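Read off the chains here:
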Amino acid sequence: MNKLQERLFEQQNSKALLKQAQQAAFDYIVQQPKQRVFPDQANIEKLSVFEESLPNASCDPALLLALLDTVGSANTVAQTGGRYFGFVNGNALPVTLATKWLADVWDQNAALYVMSPIASKLESVCQTWLNQLFKLPEQTVAGFVSGTSIATLSGLAAARFRQLQKMGWDVNQQGLFSAPKLRLILGRQTHGTVAKAISLLGFGQASIEWVECDEQGRMIVEQLPALDPSCILVLQAGNVNSGAFDDFTRVCQLAEQAQAWVHIDGAFGLWAKASHVFDNQTKGMELADSWSVDAHKTLNTPYDCGIVMCKDAEALTNALHQQGSYIQFSEQRDGLMYTPEMSKRARAIELWAAMKYLGRFGIAELVELLHERAKLFAHLLTKHKFTVLNEVVFNQVVICCESEQLTQQTLTLVQQSGECWCGGSIWQDKKVIRISLCSWATTEQDIRRSVEVFVQARRQASKV
Ligand SMILES: *Cc1c(COP(=O)(O)O)cnc(C)c1O
């Protein structure tokens with residue numbers, strides 16, 4: 001046996017590294033409620049220990065792991081706790097983390113059935129369950145990707161394939177250079193990742209026709225341009241600031257009459273479909289052609305776990321088609337048919353675990369919980385004379401203070417407090433604080449404690 005192999009077999013057989021990692025993980029979980037939500041400067045400075053040139057020789061893996069634990073753990077953002085409200089990041093349900101650990105040991109490639117029957121089976125099961133949960137047409141297919149960015153790219157690639165085909169153009173064969181023009185119709189408040197997908201797909205930003213939004217960030221239907229089969233519309237289930245939902249029914253009806261394609265970016269909001277509480281928001285969602293959604297946000301699976309769903313299986317698989325002399329397709333599900341990537345981790349495992357564990361009712365309970373917490377946050381902040389700028393229809397709260405300067409300073413102090421963390425944004429041309437409720441672990445106590453942090457931060461900021 002080769003020397004390197006000897007060492008690696010020894011590491012594998014002793015399991016010492018896995019045990020060390022397990023102990024570090026357990027300590028992290030116990031410590032976490034006491035840890036700062038964002039690391040302090042002293043810890044951040046310690047990150048410089050990682051700045052070294054590429055080592056020549058091999059090292060002691062136990063020391064390596066210890067280094068990562070001591071310096072690394074202290075420099076994490078406590079996203080798995082109850083007082084992180086930044087972006088729309090989400091926590092991880094314990095059972096999803098446990099299944100991911102096991103699946104990490106399996107190290108499966110979910111590209112083909114012959115690479116992993118279990119990954120293939122769980123992808124199929126998740127596809128069926130997602131269709132049932134979101135009440136999508138039965139023929140809808142799902143691709144498991146890194147996140148909504150790639151899900152949107154995939155959905156729009158399917159749209160590009162189909163809409164050009166309707167106009168007698170095969171984009172796979174003929175490309176885009178002399179293709180008929182497609183029109184991209186987007187709300188003014190569309191997420192930045194949609195514009196990125198549009199660039200990557202070669203449409204160009206100049207092909208976007210922007211539609212103005214109302215005060216909640218919903219596309220104003222009356223302002224839609226006349227639609228035709230060259231149109232691809234992107235709607236939002238969950239505005240990235242306010243959490244607002246577009247009027248799917250009306251837009252999808254207009255699109256259908258015109259043979260236009262509708263994609264819904266539902267990164268965190270699509271999950272609202274699980275509860276009747278949000279029926280007003282989600283109705284008509286199923287009338288679209290494709291959807292993107294993240295399980296790593298509202299559903300609380302670990303990263304990364306995005307999903308593209310498409311009613312037109314042929315369009316999606318044609319857009320993402322791949323061939324190769326050595327590729328062995330099977331009668332079973334081959335994951336690579338539905339994603340831009342070939343090799344990929346078996347992320348449907350955690351998605352399956354979340355849906356199997358929670359069930360339909362549990363998912364409803366989770367989204368309602370996040371909504372309740374968001375409403376409490378908004379209510380308490382209003383009581384303390386912060387201005388809540390949005391209707392809290394889901395899990396997002398947008399607030400400001402009396403002046404933009406006070407808002408900015410308050411936000412900075414909240415971020416520095418280590419007690420909780422949220423981000424800033426621009427809403428209706430104004431600097432605002434944006435609060436996202438997306439962790440299963442957030443308790444009422446966490447909200448009260450965080451509101452207290454806000455009140456103190458504003459008090460301190462007004463003195464400066
Ligand atoms: C997070 C988010 C995205 C991007 O998703 P990723 O998983 O980060 O790629 C797109 N749209 C909305 C509305 C989002 O919240």
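Each value, and the rule that gives it
Residue numbers run consecutively from 1 along every chain, following the written order of its sequence. Local features in this predicted model are restricted to residues whose pLDDT is 70 or higher, and side-chain atom pairs enter the listing and the counts only when it is 80 or higher, whereas totals over whole chains, interfaces and linings include all residues. Side-chain calculation: all heavy atoms of the structure are included, whereas hydrogens and water are not. Only DSSP runs of H or I covering at least 4 residues are called helices, and only runs of E covering at least 2 are called strands; the numbering of each starts at the N terminus. The atom set for the radius of gyration is the C-alpha atoms, and the globule formula is 2.2 Å times the number of residues raised to the power 0.38. Exposure categories follow from relative accessible area, calculated using a 1.4 Å probe and restricted to protein chains: below 20% of the type maximum is buried, above 50% is exposed, and the middle band is partly exposed. Contacts between residues were defined by any pair of non-hydrogen atoms, one from each residue, lying within 4.5 Å. A residue counts as positive if it is Lys or Arg and as negative if it is Asp or Glu; His and the chain ends are not included. Lys charges are placed at NZ, Arg charges at CZ, Asp charges at CG and Glu charges at CD. What a helix is expected to span follows from its residue count: subtract one and scale by 1.5 Å. Note that the arc is defined by the directions from the helix axis to the C-beta atoms. Domain boundaries shown here were taken from an automatic or database domain assignment. For any pair of parts, buried area is found by adding up, for both, the accessible area (1.4 Å probe) each one loses once the two are put together. A side-chain nitrogen of Lys or Arg and a carboxyl oxygen of Asp or Glu constitute a salt bridge if their distance falls within 4 Å. Here a polar contact means two N or O atoms within 3.5 Å. Within protein one must be a hydrogen donor candidate and the other an acceptor candidate, and residues neighboring in sequence count only if both atoms are side-chain atoms. When residue character is reported, Ala, Val, Leu, Ile, Met, Phe, Trp, Tyr, Cys and Pro are called nonpolar, Asp, Glu, Lys and Arg charged, and the others, Gly included, polar. Patch membership is restricted to residues that have no salt bridge and whose relative accessible area is over 30%. Joining uses 9 Å for like charges and 5 Å for the nonpolar side chains Val, Leu, Ile, Met, Phe, Trp and Tyr. Surface exposure here means Shrake-Rupley accessible area, sampled with a 1.4 Å probe, where a residue is shielded only by the protein chains that are shown. Throughout this document, a residue counts as near a molecule or strand when at least one of its heavy atoms sits within 4 Å of that molecule or strand. Should DSSP find at least two bridges between two strands, the strands are taken to pair. Angles shown run from 0 to 180 degrees and are taken between the N-to-C directions of axes, each axis being a line fitted to C-alpha atoms and, for helices, limited to the stretch in contact.

**Description of the overall build of the protein chain**
What the protein chain contains, in helices and strands, is 15 helices and 11 strands. The C-alpha atoms of the protein chain give a radius of gyration of 24 Å, which matches the 23 Å a tight globule of 464 residues would have. Counting only residues that meet the buried cut, the protein chain has 51% of its 464 residues in that class. Considering only residue pairs separated by 6 or more positions, the protein chain has 73% of its internal contacts joining residues 24 or more positions apart. Here the protein chain contributes 42 positive and 46 negative side-chain charges, whose respective centroids are spaced 4 Å apart.

**Things to note about helix α14 (residues 404-417)**
Here α14 is 14 residues long and its end C-alpha atoms lie 20 Å apart, about the 20 Å a rise of 1.5 Å per residue gives. Of the positions making up α14, those classed as buried are L406, T407, T410, L411 and V414. Burial along α14 is one-sided: seen end-on, the buried residues are contained in an arc of 135°. With respect to the buried face of α14, the exposed residues turned more than 90 degrees away are Q405 and Q416. Packed against the buried residues of α14 are β9 (396-400), β10 (423-427), β11 (430-436) and α15 (444-463). A positive phi of about 80° marks G418, the residue just after α14.

**Quick look at the domain arrangement of the protein chain**
Taken domain by domain, the protein chain comprises domain 1 (99-355) and domain 2 (368-463). Each of domain 1 and domain 2 was reduced to a C-alpha centroid, and the two centroids are 31 Å apart. Between domain 1 and domain 2, the contact holds 22 residues from the first and 19 residues from the second. Summing the contributions of domain 1 and of domain 2, the shared interface buries around 1,600 Å²; its carbon and sulfur component is 56%. The largest share of the area that domain 1 buries against domain 2 comes from N241, F278 and N300, three residues that together contribute 35% of it. The interface formed by domain 1 and domain 2 holds 0 salt bridges in total. Joining domain 1 to domain 2, the criterion identifies 11 residue pairs in polar contact (both at pLDDT 80 or more). Residues of the side of domain 1 that touches domain 2, tallied by class, amount to 7 nonpolar, 12 polar and 3 charged.

**Observations concerning the pattern of salt bridges**
Under the defined criterion, the tally for this structure stands at 19 salt bridges. A salt bridge links R83 to D446, with the shortest nitrogen-to-oxygen separation between them at 3.2 Å. Taken as a pair, R83 in the loop between α4 (61-74) and α5 (94-106) and D446 in helix α15 lie far apart in primary sequence, 363 residues in all. Each of the two residues, R83 as well as D446, counts as buried. Note that E212 and R188 form a salt bridge whose closest N and O atoms lie 3.0 Å from each other.

**Overview of a nonpolar patch on the surface**
A surface patch of nonpolar side chains, about 390 Å² in accessible area, is lined by L47, V49, F50, L67 and L68. Within the secondary structure layout, V49 lies in the loop between α3 (41-45) and α4. By relative accessible area, which is 42% here, V49 ends up partly exposed.

**Some remarks on the site of the ligand**
The immediate surroundings of the ligand are formed by G147, T148, S149, H191, T193, G238, D265, A267, F268, D294, H296 and K297. At 2.6 Å from an oxygen atom of the ligand is found a side-chain nitrogen or oxygen belonging to D294. Contact between the ligand and H296: an oxygen atom at 3.1 Å from a side-chain N or O atom of the residue. In terms of residue class, the shell around the ligand is built from 2 nonpolar, 7 polar and 3 charged.

**Things to note about the sheet that holds β9**
Reading across the sheet, the 4 strands line up as β8-β9-β11-β10 and stay open at both edges, with antiparallel pairing between neighbours. Only two strands of the sheet have a single neighbouring strand rather than two, namely β8 (387-388) and β10. Alignment of β10 against β11, held across 5 bridges, turns out to be antiparallel. Paired with S425 across the bridge in β11 is V432. The strands that helix α13 (residues 348-383) touches are β8, β9 and β11; relative to β9, the one it contacts most, it runs at about 15°.

**A short note on unusual backbone geometry**
With omega at -20°, the peptide bond leading from Y303 into D304 counts as cis. Relative to the helices and strands, D304 resides in the loop between β6 (290-294) and β7 (306-310). Here D107, not a glycine, exhibits a phi torsion of approximately 50°, which is positive. Accessibility expressed as a relative area gives 64% for D107, which makes it exposed. At D429, a position not held by glycine, the phi torsion is positive, near 65°. Inspection of the secondary structure assignment puts D429 in the loop between β10 and β11.

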